[in-house]
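Examining the three-dimensional arrangement
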Amino acid sequence: MSDPVTKLSFWGVRGSTPTVDPATWRYGGNTPCLDLTAPDETQYILDCGTGLRMLGGRWSPPTSKNPETHIFVTHYHWDHIQGMPFFAPLYAESNEFHFYSFLSKHLVRDSLKQVFETQMATPYFPVNMSAMTARKKFMEVNGGESFTIGENRITARHLNHPQGCLGFRIETPGGIVAYATDNEPGDPKLDAELEELAAGADIFVNDAQYTPEQLEATRKGWGHSSWREGVKVARHAGAKTLVLFHHDPDSTDRMVDGLLRQARDEFDSVFAASEGMVITLGSSEGKLEAHMPVTRTALRREAQFRARVSGITEGGHAFEEETIVRDLAVQGALLSLAHCPRLQSELQVTMETPGADGNRTMRLRGYVVRIDADEAKGHSAVGVVFTE
Ligand SMILES: [Zn+2]
Ligand SMILES: [Zn+2]
């Protein structure tokens, strides 16, 4: 029998509004959408931001005894619902979706259904919701309860956010995922509920939109958090890995790199959510594995350059080694390394490249986007994107 693996994929990680600015492409510009497949093959989708459209292109119906997909919508702000009309599987009769969200005091009843209908009403969208022929059920969750779907236990709690927001905790036999986007610290009751959601979680996805300084000063009351607050909660709650999420649309990749670096100085296991990132839990080694998409790195040209590479290993130790660069493009390279660097860490790559007047030394800064550790002879194939 195979291990009970829980797989969490990130399709949209940007907060507030999508971005197409090239300075944000590395982490990605789509708004919140994740999908989680539990070991019993139950499918969950977390939020319906613009990332949902991308998921729709890859989606296939669940194969388990639970033929429906469960969609948890945290709240009704644009960035969490805007992908919904563009989710192709909703336009096929054979599919079934169960939606979960809270009753908004601004909407009287059937909150989520009403929100979706309004979003697609004339003159906002070319067809109305009746064009979505998939079976749809809408469930209201009030934020105090736990319930079971398949082999998995779901807990919902209210978070501190203007007009309300729900956080979800999904306990699967492969591990525990807590999803808490759009929350601002400072309300003692809701802070305690956030800690409950994150208690002992293997993955704690938390709002990290602002810098700690912004949160203190200009952004109080906007309903968001910072990496420092995430670290604090992760520590108190005993969460194992923190994922910084809901990046500000004005945060460039370099700025997110900086936030991640600071968070890693304070807490052992931190990632910055990145479009296309996949985290698996419950594999045979019992450890969490993270992967980044290779397609976004556009690795092309075959090359043979000698290079000296230095960086930080998975275990946090500095290393330096000589290697041959095999694939090189303007944006990045594929390196074969004896050391296993940390995903989303920086490598210094110094290369000798032939020029018209002899060899030239090129110093580049690479950001690790992919690691394939099981290459022959104990080497790792490491994909980097050049950041300058
Ligand atoms: Zn949001
Ligand atoms: Zn919001």
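Structural data are supplied above this passage.
Below or above, wherever it landed, is the structure these notes cover. Remember, predicted model here, so these are calculated numbers, not experimental data.

Calculation notes
Residues numbered from 1 in each chain as written. Chains lettered and ligands numbered in written order. Predicted model: local features only at pLDDT ≥ 70, side-chain atom pairs only at ≥ 80, totals over all residues. Heavy atoms only, no water. Helix = DSSP H or I, 4+ residues; strand = E, 2+ residues; numbered from the N terminus. Rg over C-alpha atoms; globule rule 2.2 N^0.38 Å. Buried < 20%, exposed > 50% of the residue type's maximum accessible area, 1.4 Å probe, protein only. Areas by Shrake-Rupley, 256 points an atom, 1.4 Å probe, with all protein chains shown as cover. Lys, Arg positive; Asp, Glu negative; His and termini not counted. Charge placed at Lys NZ, Arg CZ, Asp CG, Glu CD. Salt bridge = Lys/Arg side-chain N within 4 Å of Asp/Glu carboxyl O. Pairing = 2+ DSSP bridges. Axes fitted to C-alpha atoms, helices over the stretch in contact; angles between N-to-C directions. Contact = heavy atoms within 4.5 Å. Donors = N, O, S within 2.8 Å, 3.2 Å for Na, K, Ca; no water. Tetrahedral: all angles 85-135°; square planar, octahedral: opposite > 155°, others 65-115°. Parallel < 35°, antiparallel > 145°, perpendicular 65-115°, else oblique. Left-handed = near helix turned anticlockwise from the far one by under 90°. Core = buried A, V, L, I, M, F, W, Y, C linked by side-chain atoms within 4.5 Å.

**Some words on the overall build of the protein chain**
Check the secondary structure of the protein chain and you find six helices and 21 strands. The C-alpha radius of gyration computed for the protein chain amounts to 22 Å, which stays within 12% of the reference 21 Å derived for 388 residues, consistent with globular compactness. Evaluated residue by residue, the protein chain yields a buried proportion of 55% over its 388 residues. Of the roughly 17300 Å² of accessible surface on the protein chain, a fraction of 51% belongs to carbon and sulfur atoms. Counting 38 positive and 51 negative side-chain charges, the protein chain places the averaged centre of each group 2 Å from the other.

**Some remarks on the pattern of salt bridges**
Counted under the stated rule, the structure contains 14 salt bridges. Measuring nitrogen to oxygen at the nearest pair gives 3.9 Å for the salt bridge that ties Arg-261 to Glu-346. With Arg-261 in helix 6 (residues 253-266) and Glu-346 in strand 19 (residues 346-355), this residue pair connects regions lying 85 residues apart in the sequence. For Arg-261, a relative accessible area of 46% translates into the label partly exposed. The partner of Glu-322 in a salt bridge is Arg-308, with the nearest N and O atoms 2.4 Å apart. Of this pair, Glu-322 sits in strand 17 (residues 318-328) while Arg-308 sits in strand 16 (residues 301-312); the two residues are 14 residues apart in sequence, bridging distant segments of the chain. Accessibility expressed as a relative area gives 43% for Glu-322, which makes it partly exposed. In this structure, a network of salt bridges that share partners links the residues Arg-26, Arg-254 and Asp-257.

**Observations regarding the sheet that holds strand 15 (residues 289-291)**
Pairing is mixed in the open sheet, where eight strands are placed in the order 6-5-4-3-2-1-14-15. Each end of this open sheet is capped by a strand with a single partner; those strands are strand 6 (135-140) and strand 15. For this sheet the average axis-to-axis angle between neighbouring strands, irrespective of direction, equals 20°. Pairing between strand 14 (residues 278-281) and strand 15: three bridges, direction antiparallel. What sits directly across from Ile-279, in strand 15, is Ala-290. Seen against the sheet, helix 1 (residues 51-58) touches strand 1 (6-12), strand 2 (33-37) and strand 3 (43-46) and runs at an angle of roughly 125° to strand 1.

**Observations regarding the coordination of the zinc ion (ligand 1)**
Distances from the zinc ion (ligand 1) to its protein donors, namely Asp-79 (OD), His-80 (NE2), Asp-182 (OD) and His-246 (NE2), fall within the range 2.1 to 2.3 Å. Seen from the zinc ion (ligand 1), its four donor atoms lie at angles of 92 to 165°, and the figure they make is irregular. Of note, the zinc ion (ligand 1) draws all its donor residues from one chain, in the sequence arrangement D-H-x101-D-x63-H. Between the zinc ion (ligand 1) and the zinc ion (ligand 2), a separation of 3.5 Å is found, and both are coordinated by Asp-182. Of the two residues, Asp-79 is situated in the loop between strand 4 (69-72) and strand 5 (96-101) and Asp-182 in the loop between strand 10 (175-180) and helix 3 (188-198); the sequence distance between them amounts to 103 residues.

**Some words on the packing of helix 5 (residues 227-237) against helix 6**
Viewed as axis vectors pointing N to C, helix 5 and helix 6 meet at an angle of 30°, and their least axial separation amounts to 10 Å. Looking at the two axes, helix 5 sits roughly parallel to helix 6. Here helix 5 runs over helix 6; the crossing is right-handed. On helix 6, the residues touching Trp-227, Val-231 and Arg-235 of helix 5 are Leu-259, Gln-262, Ala-263 and Glu-266.

**A closer look at the coordination of the zinc ion (ligand 2)**
Looking at the metal site, the zinc ion (ligand 2) is ligated by His-75 (NE2), His-77 (ND1), His-161 (NE2) and Asp-182 (OD), spaced 2.1 to 2.5 Å from it. Around the zinc ion (ligand 2), the four donor atoms are arranged such that angles at the metal cover 89 to 176°; this shape is classified as irregular. The motif formed by the donor residues of the zinc ion (ligand 2), counted along the single chain, is H-x1-H-x83-H-x20-D.

**Looking at the sheet that holds strand 10**
Strand order in the open sheet formed by seven strands is 7-8-9-10-11-12-13, with mixed pairing between adjacent strands. Each edge of the open sheet carries a strand with a single partner, namely strand 7 (146-149) and strand 13 (270-272). The sheet shows a mean angle of 20° between the axes of neighbouring strands, direction not considered. Where strand 8 (residues 152-159) and strand 9 (residues 165-172) come together, seven bridges link them in antiparallel fashion. Each bridged residue has a counterpart across the sheet, and for Ile-154 the counterpart in strand 9 is Ile-170. The strands touched by helix 6 within the sheet are strand 12 (241-245) and strand 13, with strand 13 carrying the most contacts at an inclination of about 170°.

**Concerning the pairing of strand 18 (residues 332-337)**
In terms of burial, strand 18 is a largely internal element, six of the six residues being buried. Across three bridges, strand 17 lies against strand 18 in antiparallel orientation. Bridge assignment links Leu-328 to a residue of strand 18, and that residue is Ala-333. Once strand 17 ends, the chain turns through three residues before running back antiparallel as strand 18. Where strand 18 and strand 21 (residues 380-386) come together, six bridges link them in antiparallel fashion. In the sheet register, Leu-337 faces strand 21, and the bridge partner there is Ser-380.

**With respect to the nonpolar core**
In this structure, Leu-8, Phe-10, Phe-72, Phe-204, Leu-335 and Leu-347 are the most contacted members of the largest nonpolar core, which totals 106 residues. When neighbours within four sequence positions are excluded, Leu-8 is seen to be in contact with Leu-34, Asp-35, Leu-36, Leu-46, Val-177, Ile-203, Val-205, Met-277, Val-278 and Ile-279.

**Regarding unusual backbone geometry**
Residue Pro-123 is reached from Thr-122 by a cis peptide bond, and omega for that bond is 0°. Looking at the element boundaries, Pro-123 is found in the loop between helix 2 (111-119) and strand 6. Even without a glycine there, the phi angle at Asp-47 is positive, about 70°. In this fold, Asp-47 is placed in the loop between strand 3 and helix 1. In this structure Asp-47 comes out as buried when scored by relative accessible area, which is 0%.

Purely geometric numbers; function is a separate question.
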